[in-house]
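Chains, contacts and geometry: an overview
Listed here are the chains, written in short residue letters.
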Amino acid sequence: MRQENTVYAGSDEMYTEFCSGCGLCISQKKAQWEKDKKGFLNAVSNDKGFHSFCDNVCPASGMQCRELEKGTVWGRNTGVYLSHSTDESIWFEASSGGVLTSLCLFLLDNKMVDGIIQTKMDPDNPIGTKTSLSRTREELLDCCGSRYSASAPLWDINDYLNGDETYAFVGKPCDVTALRNFAKIDKRVSDHIKYMFSFFCAGAPSEQANIQLLNKMGCGKEGCVYLRYRGDGWPGYATAIDRHGVTFQLDYRSAWRDTLGRDIRKMCRFCLDGIGEMADISCGDAWYLGEDNKPLFTEAAGRNVVFCRTQCGKELFLMASEAGCLTKSDYPEFEKKLPLYQSYQYERRTTMGTTILALKAMGRRYPKYSAELLKSYGKRVGLKHKISRFKGTIERIAKKKL
């Protein structure tokens, strides 16, 4: 049934086309994986229950739009801060400030959860990922840092929901959205997942983009035994090691902007929430700005912008900072600063209504986001900018780039 005030997708194929790859429908035996030519795994199904299940949980369903805060581009919050880990090794090894790793360690040290469900490099396929359960500091550090490749952290979620233990979950915003939506129809989630953490995400690069990265670095996929995208500084270097122990590196801009970020999953381009609004706590890079008010990507001591999204998230962050695990600075000017150094997130969210309109005009499928919500975000940008965005989207569709 068409939802009131909702942009309608118009096709049952929408959930496959705009699959985020989280794996939740796979875990509930509603679909199977199908690999596309770029290396992405997408959910496909002839199961009659697939689409009704996705209507309730999939990020493309827009079910979460009921909880997203209208007109607030940076989402709901119970507190916004600048922070970094006080643990020198975590601070250095992390992609930015190490806040999420320190929060996870705080939970384990204080026995507030039994384990942390998170993503790490697949040792058998360095450009791939695997879901990991961390119970110790060493295991947490093994997962520390960004993974700029596809991941499906919910495909085995039943392993955690059917036991007796409790966990914190760390995932991309779309993973957290799916899990939060799932919690509304399956009480096991709230029984076992006590905290959900996320981070600012600009998209999941393809397998082909990762192969291109390794080739650009001079390592090559066949010889690679280790790949780290960031960390060991801020932002750090993409670092690959081959089977002979030779190290290859590439700077952040060349790795992300010029290579990986150019080929991301389709749903990522139409993601309404790259900032983790459905999490208890989400973190992003709090880049320093140059004289031209553009972010500097030169090496520096890392720091996070921390959004506490729920009351329990804020309580946890304050406990960890009061215990000396994290620094904490109030950040009242975030509304002014974030559009400057998180411009992609700002642009994507404020122009999503225009982008969806272009898809409709070209007779394409599109995610089922709330039209009212999209309109509230769009008030932040002028008509001229919207027209430019609309025309650009139309052109990309016509050229088969979308």
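The structure reproduced in this document is the subject of the present report. (Residues numbered from 1 in each chain as written. Predicted model: local features only at pLDDT ≥ 70, side-chain atom pairs only at ≥ 80, totals over all residues. Heavy atoms only, no water.)

What follows deals with the overall build of the protein chain. For the protein chain, the count of helices and strands is 18 helices and 13 strands. At 20 Å, the protein chain has a C-alpha radius of gyration in line with the 21 Å of a compact globule built from 402 residues. Burial analysis of the protein chain (402 residues in total) assigns 58% to the buried set. A fraction of 72% describes how many contacts in the protein chain between residues 6 or more apart in sequence connect residues 24 or more apart. Summed over its atoms, the accessible surface of the protein chain is roughly 17,700 Å², and 48% of this surface lies on carbon and sulfur atoms. (Helix = DSSP H or I, 4+ residues; strand = E, 2+ residues; numbered from the N terminus. Rg over C-alpha atoms; globule rule 2.2 N^0.38 Å. Buried < 20%, exposed > 50% of the residue type's maximum accessible area, 1.4 Å probe, protein only. Contact = heavy atoms within 4.5 Å. Areas by Shrake-Rupley, 256 points an atom, 1.4 Å probe, with all protein chains shown as cover.)

Here we take up the nonpolar core. Counting residues in each nonpolar core, the largest one holds 46 residues, and the members touching the most others are L24, L154, I157, L179, I193, L272 and Y369. Aside from chain neighbours lying at most four places away, what touches I193 is I117, L161, Y167, F169 and L179. Grouped together as the second largest cluster of nonpolar side chains are 38 residues, A204, A240, I264 and F307 included. (Core = buried A, V, L, I, M, F, W, Y, C linked by side-chain atoms within 4.5 Å.)

The next point concerns the pattern of salt bridges. The tally for this structure, following the rule as stated, stands at 21 salt bridges. Between R188 and D186 there is a salt bridge; the shortest N-O distance is 2.9 Å. Each member of the pair, R188 as well as D186, is classed as buried. For R228, the salt bridge goes to D232, with nearest N and O atoms at 4.0 Å. In this structure R228 comes out as buried when scored by relative accessible area, which is 11%. A cluster of three or more residues bridged by salt bridges with shared partners is formed by E17, K266 and R365. (Salt bridge = Lys/Arg side-chain N within 4 Å of Asp/Glu carboxyl O.)

Okay, the packing of helix α3 (residues 50-57) against helix α8 (residues 173-183) next. Interaxial distance between α3 and α8 falls to 8 Å at its minimum, and their mutual angle equals 100°. As the angle between them shows, α3 and α8 are arranged roughly perpendicular. Contact residues: α3 offers F53, N56 and V57, while α8 offers T177, A178, N181 and F182. Class assignment of the residues belonging to the contact of α3 with α8 gives a composition of 4 nonpolar, 3 polar and no charged. (Axes fitted to C-alpha atoms, helices over the stretch in contact; angles between N-to-C directions. Parallel < 35°, antiparallel > 145°, perpendicular 65-115°, else oblique. Nonpolar A, V, L, I, M, F, W, Y, C, P; charged D, E, K, R; others polar.)

What follows concerns the packing of aromatic side chains. Under the counting rule described, the total for this entry stands at 16 aromatic pairs. Taking 4.9 Å as the distance between ring centres and 45° as the angle between the ring planes, the aromatic pair formed by Y148 and W256 counts as tilted. Of this pair, Y148 sits in the loop between α6 (137-142) and α7 (158-161) while W256 sits in helix α11 (residues 252-257), and the two are 108 residues apart along the sequence. Residue Y148 shares its accessibility class with W256, and that shared class is buried. Taken together, the ring pairs in this structure connect W74, F200, F307, F334 and Y346 into an aromatic cluster. (Phe/Tyr/Trp six-rings, centres within 6.5 Å; stacked < 30°, edge-to-face > 60°.)

Before going further, it helps to spend a moment on the environment of L402. When you line up the elements, L402 lands in the segment after α18 (383-398). Between the C-alpha atom of L402 and that of S134, which follows or precedes it by 268 residues, the distance is 38 Å. Residues within four places of L402 in sequence aside, it is in contact with K266, R269, F270, R364, T393, R396 and I397.

Before going further, it helps to spend a moment on unusual backbone geometry. Between W234 and the following residue, P235, the backbone shows a cis peptide bond with an omega angle of 0°. Structurally, P235 is set in the loop between β8 (224-228) and β9 (238-242). The phi dihedral of D232 falls on the positive side, at around 55°, and the residue is not glycine. Following the sequence through the fold, D232 ends up in the loop between β8 and β9. Unusually for a residue other than glycine, N293 sits at a positive phi of about 65°. If you trace the backbone, N293 turns up in the loop between β11 (281-285) and β12 (304-308). Among the residues examined, N293 registers a relative accessible area of 41% and is labelled partly exposed.

Take the sheet that holds β9 next. Pairing between the strands of a sheet is mediated by backbone hydrogen bonds and can be parallel or antiparallel. Taken together, 3 strands build an open sheet; the order of strands is β8-β9-β10 and the sheet is antiparallel. Two strands bound the open sheet, and with one partner strand each, they are β8 and β10 (247-250). When strand polarity is set aside, the average angle formed by the axes of neighbouring strands in this sheet is 15°. In the sheet, β9 pairs with β10 via 4 bridges, with the strands oriented antiparallel. (Pairing = 2+ DSSP bridges.)

A separate point is the sheet that holds strand β13 (residues 329-330). Sheet architecture is open: 8 strands sit in the order β5-β4-β6-β7-β11-β12-β3-β13, paired in mixed fashion. The outermost strands of the open sheet, each flanked by one partner alone, are β5 (125-134) and β13. As paired elements, strand β3 (residues 79-83) and β12 share 5 bridges and run antiparallel to each other. Looking at the pairing, V80 lines up with F307 of β12. Taken strand by strand, α8 contacts β6 (167-170) and β7 (193-199), and its axis lies near 150° from that of β7.

What follows is about helix α5 (residues 99-109). Within α5, 10 of the 11 residues are buried, leaving the element largely enclosed by the surrounding structure. Residues V99, L100, T101, S102, L103, C104, L105, F106, L107 and L108 constitute the buried set of α5. Residue K111 follows α5 closely and has a positive phi angle near 55°.

Limitation: the analysis is restricted to geometry and does not speak to function.
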